[in-house]
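Fold and geometry: a report
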Amino acid sequence: VNKDQIAKWVLSFQVHPEANVNLDNGQFYGFCGSRTTKFPSNLVKDPCHNGSHLASTYSALATLKIVGYDVLNLDSKVLLLSMKKLQQPDGSFMPTHIGAETDLRFVYCAAAICSMLKDWSGMDKEKAKEYILNCQSYDGGFGMVPGSESHVSQVGELSVLLRPYI
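The chain carries the name Prenyltransferase alpha-alpha toroid domain-containing protein in an unreviewed UniProt entry, which gives Aegilops tauschii subsp. strangulata as its organism. UniProt's Sequence similarities (unreviewed entry) comment on the chain is quoted here verbatim: "Belongs to the protein prenyltransferase subunit beta family." Its UniProt record gives the chain the following Cofactor (unreviewed entry) comment, quoted word for word: "Zn(2+)".

Rendered as structure tokens:
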């Protein structure tokens, strides 16, 4: 396997702002999940064709780390700054700037991204912690959203998320 070629391919999915773009435009500058997100669509009202997503960004960074690419070489400032704007007042995260559901999966993705980049400026950790604790169910387990039934799949995610607090 040509690890450099894989890293180059994964890096090609990163969305960068156009020159002199105001970063307050609400867009998320992470990684896209596929090339199709860069093509215009009549169904998408977002004219920029920016299909970056928290889960795709998490997967891209994890893949880069697996093939030995030093993710600390990325210009992560724009990625983290735009990701922080995806965090909701309750501490959860939307996965993309065009809107979507919010739940514990995307809090995990945001925390993992911050951890891999060794920079926690992309999220308000206290708000995220509150959201996680609000997802705790009556039985002590954790659901995907506050008030939902607990699921065992959240245990692994939470062990990573809560590590800084334990």
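**With respect to the nonpolar core**
Judged by nonpolar contacts, the single largest core of 40 residues is most densely connected at F31, L54, L61, M83, F93, I113 and L117. Those elements that place two or more of their residues in this core are α1 (3-11), β1 (31-32), α2 (54-66), α3 (76-84), α4 (104-117) and α5 (125-134). With 12 residues, the single largest contributor to this core is α4. Among residues more than four places away in sequence, those in contact with F93 are L54, M83, L86, Q87, E101, T102, D103, F106, V107, A110, G122 and M123.

**Concerning the environment of L117**
Inspection of the secondary structure assignment puts L117 in helix α4. Among all residues touching L117, those that are not within four sequence positions of it are L61, V71, L72, L74, S76, L79 and L80.

**A closer look at α2**
The first and last C-alpha atoms of α2 sit 18 Å apart over 13 residues, in line with the 18 Å expected at 1.5 Å per residue. Buried residues along α2 sit in contact with α1, β1, β2 (52-53), α3 and α4. Looking one or two places after α2, you find G68, whose phi comes out positive at around 90°.

**A closer look at the packing of α1 against α2**
Packing of α1 against α2 leaves a shortest axis separation of 9 Å and a crossing angle of 165°. Our classification of the angle between α1 and α2 gives roughly antiparallel. By crossing handedness, the relation of α1 to α2 is classed as left-handed. Residues I6, A7, V10 and L11 of α1 touch α2, and the partners they reach there are A60, T63 and L64.

Here is what the cut-offs are and how they apply
- Residues numbered from 1 in each chain as written.
- Predicted model: local features only at pLDDT ≥ 70, side-chain atom pairs only at ≥ 80, totals over all residues.
- Heavy atoms only, no water.
- UniProt positions renumbered as here; feature names shortened; annotations may be inferred.
- Core = buried A, V, L, I, M, F, W, Y, C linked by side-chain atoms within 4.5 Å.
- Buried < 20%, exposed > 50% of the residue type's maximum accessible area, 1.4 Å probe, protein only.
- Helix = DSSP H or I, 4+ residues; strand = E, 2+ residues; numbered from the N terminus.
- Contact = heavy atoms within 4.5 Å.
- Expected span 1.5 Å × (residues − 1).
- Axes fitted to C-alpha atoms, helices over the stretch in contact; angles between N-to-C directions.
- Parallel < 35°, antiparallel > 145°, perpendicular 65-115°, else oblique.
- Left-handed = near helix turned anticlockwise from the far one by under 90°.

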